[in-house]
Amino acid sequence: MNDSSKIPDQLVAGIDLGSNSFKLMIARVKNHAGSFHLQEIDTIRSTIRLANGLDKDNKLDDETINKALNTLMRFGDRIQNFPKKNVCVIATNTFRIAKNAKFLIEEGEKLLGFPINVISGEDEARLVFTGAEHVSPICEDNRFVIDIGGSSTELIVGKNNKIKTYDSLQLGCVTTNKVFFNDGKFNQQNFEFAI
């Protein structure tokens, strides 16, 4: 996507393999008055809760892997005729920490037909900040962006498309729920433990 002039009016796809959900967005690159933008065509979201499938040794269980692979097969069917240069697949924190992520990545790439890029916490923060800057009102001062994911939370401070500082915490909605509310009880004691 660095040189959008090479793919005007073509379909592109982005896949986000998060620790809570997997998302596929298909868009058309449009040229409007010399400026390129994406016109969303379709978005598919599947709640996998990948981080919930991690055991105490950070290994994904078979049921969660199968659920993830079934979703990747569906995504692969939708983008099978896309040129390689028009598809980007990123994977986030659970792929970084799962001891058996290699298997899921290899099998997933076969089903998708495209490489899966496991990004760092730094890259995740950069992409989150860039996306927030793109869709938010203009801000002359510092902007503080928080992305609460399934197994990590990114905190980013920046200004004018430049990140000043960030942190990627090993704290997410799926992992927090699993540790502190796995019994399904949202009571005072569980909230105090979580805090």
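Residues numbered from 1 in each chain as written. Predicted model: local features only at pLDDT ≥ 70, side-chain atom pairs only at ≥ 80, totals over all residues. Heavy atoms only, no water.

A. Seen up close, the overall build of the chain. The number of helices and strands found in the chain is six helices and eight strands. Each helix and strand of the chain, placed in order from N terminus to C terminus, yields the pattern β-β-β-α-β-α-α-β-α-β-β-β-α-α. Relative to the compact-globule value of 16 Å for 195 residues, the chain shows a C-alpha radius of gyration of 18 Å, a close match. Considering only residue pairs separated by 6 or more positions, the chain has 55% of its internal contacts joining residues 24 or more positions apart. Surface accessibility of the chain: about 11700 Å² in total, with carbon and sulfur atoms responsible for 51%. Between the mean site of the 24 positive side-chain charges and the mean site of the 25 negative ones, the chain shows a separation of 3 Å. (Helix = DSSP H or I, 4+ residues; strand = E, 2+ residues; numbered from the N terminus. Rg over C-alpha atoms; globule rule 2.2 N^0.38 Å. Contact = heavy atoms within 4.5 Å. Areas by Shrake-Rupley, 256 points an atom, 1.4 Å probe, with all protein chains shown as cover. Lys, Arg positive; Asp, Glu negative; His and termini not counted. Charge placed at Lys NZ, Arg CZ, Asp CG, Glu CD.)

B. Focus on the nonpolar core. In terms of nonpolar packing, the biggest core is built from 29 residues, with Leu17, Phe22 and Ile79 touching the most fellow members. Those elements that provide at least two residues to this core are strand E1 (11–17), strand E2 (21–32), helix H1 (62–79), strand E4 (87–91) and helix H3 (101–112). Broken down by element, this core gets its largest block of residues, six residues, from H1. For Phe22, the contacting residues outside a window of four places in its chain are Asp16, Leu17, Ile44, Arg45, Ser46, Ile48, Leu50, Ala68, Thr71, Leu72, Phe75 and Phe95. The next biggest cluster of nonpolar side chains, apart from the first, holds five residues, and it includes Ala125, Ala132, Val145 and Ile156. (Core = buried A, V, L, I, M, F, W, Y, C linked by side-chain atoms within 4.5 Å. Buried < 20%, exposed > 50% of the residue type's maximum accessible area, 1.4 Å probe, protein only.)

C. Region of the structure containing the sheet that holds strand E8 (residues 162–169). Here we have three strands laid out as an open sheet, ordered E6-E7-E8, and antiparallel in their pairing. Looking at the sheet topology across the chains shown, the edges are occupied by strand E6 (143–148) and E8. The mean angle between the axes of side-by-side strands here comes to 15°, regardless of whether they run parallel or antiparallel. The sheet contact formed by strand E7 (residues 153–159) and E8 spans seven bridges and is antiparallel. Within the sheet, the bridge partner assigned to Lys159 lies in E8 and is Lys162. Contacts between helix H4 (residues 121–135) and the sheet are confined to E6, E7 and E8, with E7 contributing the most and set at about 55° to the helix. (Pairing = 2+ DSSP bridges. Axes fitted to C-alpha atoms, helices over the stretch in contact; angles between N-to-C directions.)

D. The arrangement of the sheet that holds E2 in detail. The strand order E3-E2-E1-E4-E5 describes an open sheet built from five strands, whose pairing is mixed. Each of the sheet's edge strands pairs with one partner strand only, and the pair in question is strand E3 (35–47) and strand E5 (117–118). Both E2 and E3 contribute to a ladder of twelve bridges, which runs antiparallel. Counted as the bridge partner of Lys30 is His37 from E3. Sheet strands in contact with H1 are E1, E2, E3 and E4, and its direction is about 20° off that of E2.

E. Spatial organisation of the pattern of salt bridges. Under the definition given, this model contains eight salt bridges. Measuring nitrogen to oxygen at the nearest pair gives 3.6 Å for the salt bridge that ties Asp16 to Lys23. Where Arg126 meets Asp123, a salt bridge forms, and the shortest distance between an N and an O atom there is 3.6 Å. With Arg126 and Asp123 both in helix H4 and three residues apart, this pair spans about one turn of that helix. With relative accessibility at 40%, the residue Arg126 sits in the partly exposed group. Among the residues examined, Asp123 registers a relative accessible area of 28% and is labelled partly exposed. (Salt bridge = Lys/Arg side-chain N within 4 Å of Asp/Glu carboxyl O.)

F. Highlighting a negative patch on the surface. Residues Asp55, Asp61, Asp62 and Glu63 make up a contiguous surface patch of negative charge. Mapping Asp62 onto the fold places it in helix H1. Take Asp62: its relative accessible area is 60%, and that puts it in the exposed class. (Patch = residues over 30% accessible without salt bridge, like charges linked within 9 Å, V, L, I, M, F, W, Y side chains within 5 Å.)

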